[in-house]
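Each chain is listed here by its residues.
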Amino acid sequence: MIGPSPFVPAAVASQPLHYDWDSWDPYSLLGSPDEETVGLLEQVSDRAQIAYAIGCAEWVAQRLGERLETERPVLYIEAFWAFEMDQRIASPAETVEAEWQGRILAPMDLALVTVLNTYYTSADGNGALEAAFAECIPRHLLDDRQAFFAWRKAVLARLLAHYPRQEDDPWGAPVPREALDPARPLTPEAQEHYVADFFAQLSPGANPLIQYGEHDNSVP
């Protein structure tokens, strides 16, 4: 199983939780996606949009930390990265909402579902809106958002520079987890190494959410 997020400060887990949550209508609390973020994500590949949504889910997982009392979020995040980087791997099964109730699990569930929604809507070229919405969740959960906004600015610039949208190949090249870590180099050779290293460290059968099969939309 993958380790803690390399790009989310560990300190966010120790901060008290002051956010409100409405399981019936969380969207009224989270607000609308940032228009500038939507515009920037429209300029990157489908895979880069999915990667950004995964990154936002990592912020949520790190923020909630041990309060989650389950490894399922990390298993989903690992499966999302595997799925995004290898088109032979099927998208993970959808979460069961009834199993993710309460002020802690429900935000995590929404973050995971938003990754899947980013993928589903990418089939119609609309993944940018869902990917931009993904950041609304950690933004709501965090008291001090300065580190998140700095990360967002740096990561969106990296995605634009390295994974621009190509109309003849909107799915694009695999985006490794390290692409979301501004401290890591992102040369073509480094990207290949990151992808290979990720799969080399996976334990076969250790994550039931990682299944080989067809992607749900048509990709090369």
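Keep in mind that what you see is a predicted model, and the values were worked out from it rather than measured. (Residues numbered from 1 in each chain as written. Predicted model: local features only at pLDDT ≥ 70, side-chain atom pairs only at ≥ 80, totals over all residues. Heavy atoms only, no water.)

Draft legend 1. Quick look at the pattern of salt bridges. This model, assessed by the stated rule, comprises seven salt bridges. In this structure, D86 engages R88 in a salt bridge whose closest nitrogen and oxygen atoms are separated by 2.7 Å. Using a relative accessible area of 9% as the deciding quantity, one classes D86 as buried. Here E135 and R152 are joined by a salt bridge, their closest N and O atoms 2.6 Å apart. (Salt bridge = Lys/Arg side-chain N within 4 Å of Asp/Glu carboxyl O. Buried < 20%, exposed > 50% of the residue type's maximum accessible area, 1.4 Å probe, protein only.)

Draft legend 2. Focus on the side chain of R158. In this fold, R158 is placed in helix α8 (residues 146-162). The side chain of R158 is buried and forms no salt bridge, while D181, the nearest opposite charge, is found at 6.5 Å. Setting aside residues up to four positions removed in sequence, R158 forms contacts with Y163, E178, A179, D181, P182, R184 and L186. (Helix = DSSP H or I, 4+ residues; strand = E, 2+ residues; numbered from the N terminus. Lys, Arg positive; Asp, Glu negative; His and termini not counted. Contact = heavy atoms within 4.5 Å.)

Draft legend 3. Expanded view of the nonpolar core. Core analysis: the largest hydrophobic core is formed by 72 residues, its most contacted members being Y52, L64, W81, M108, W151 and L159. Looking at this core, the elements with two or more residues in it are α2 (35-41), α3 (46-64), α4 (72-85), α5 (102-122), α6 (127-134), α7 (136-141), α8 and α9 (188-200). Apart from residues no more than four positions distant in its own chain, L159 is found in contact with V44, A48, Y52, P164, V175 and L180. (Core = buried A, V, L, I, M, F, W, Y, C linked by side-chain atoms within 4.5 Å.)

Draft legend 4. Highlighting the environment of H193. Summarising the element assignment, H193 is placed in helix α9. Classification of H193 by relative accessible area gives partly exposed; the value is 49%.

Draft legend 5. Spotlight on the packing of α4 against α5. Taken N-terminus to C-terminus, the directions of α4 and α5 make an angle of 10 degrees; their axes are 11 Å apart at the nearest point. By the angle class used here, α4 and α5 are roughly parallel. Between α4 and α5 lies a crossing whose hand is left-handed. Of α5, the residues touching α4 (which contributes R72, P73, Y76, I77, F80 and F83) are L105, M108, L112, V115, L116 and Y119. The class makeup of the residues in the contact of α4 with α5 is eleven nonpolar, no polar and one charged. (Axes fitted to C-alpha atoms, helices over the stretch in contact; angles between N-to-C directions. Parallel < 35°, antiparallel > 145°, perpendicular 65-115°, else oblique. Left-handed = near helix turned anticlockwise from the far one by under 90°. Nonpolar A, V, L, I, M, F, W, Y, C, P; charged D, E, K, R; others polar.)

Draft legend 6. Representation of the side chain of E135 in the model. Looking at the secondary structure, you find E135 in the loop between α6 and α7. Here Y52 takes part through its side chain, which lies 2.6 Å from a polar atom of the side chain of E135. A polar side-chain atom of E135 sits 2.6 Å from a polar atom in the side chain of R152. Apart from residues no more than four positions distant in its own chain, E135 is found in contact with D34, T37, Y52, C56, F148 and R152. (Polar contact = N/O pair within 3.5 Å; in protein donor to acceptor, adjacent residues only side chain to side chain.)

Draft legend 7. How the structure looks around the packing of aromatic side chains. Counted according to the given criterion, the structure contains 13 aromatic pairs. For the ring pair F7 and W151, a centre distance of 5.6 Å and an interplane angle of 15 degrees mean the geometry is stacked. With F7 in the segment before α1 (27-30) and W151 in helix α8, the pair connects residues that are 144 residues apart, well separated along the chain. Assigned by exposure class, F7 and W151 land together as buried. Taken together, a centroid distance of 5.8 Å and an interplanar angle of 55 degrees make the contact between W59 and W151 tilted. Taken together, the residues W59 in helix α3 and W151 in helix α8 connect sequence positions 92 residues apart. (Phe/Tyr/Trp six-rings, centres within 6.5 Å; stacked < 30°, edge-to-face > 60°.)

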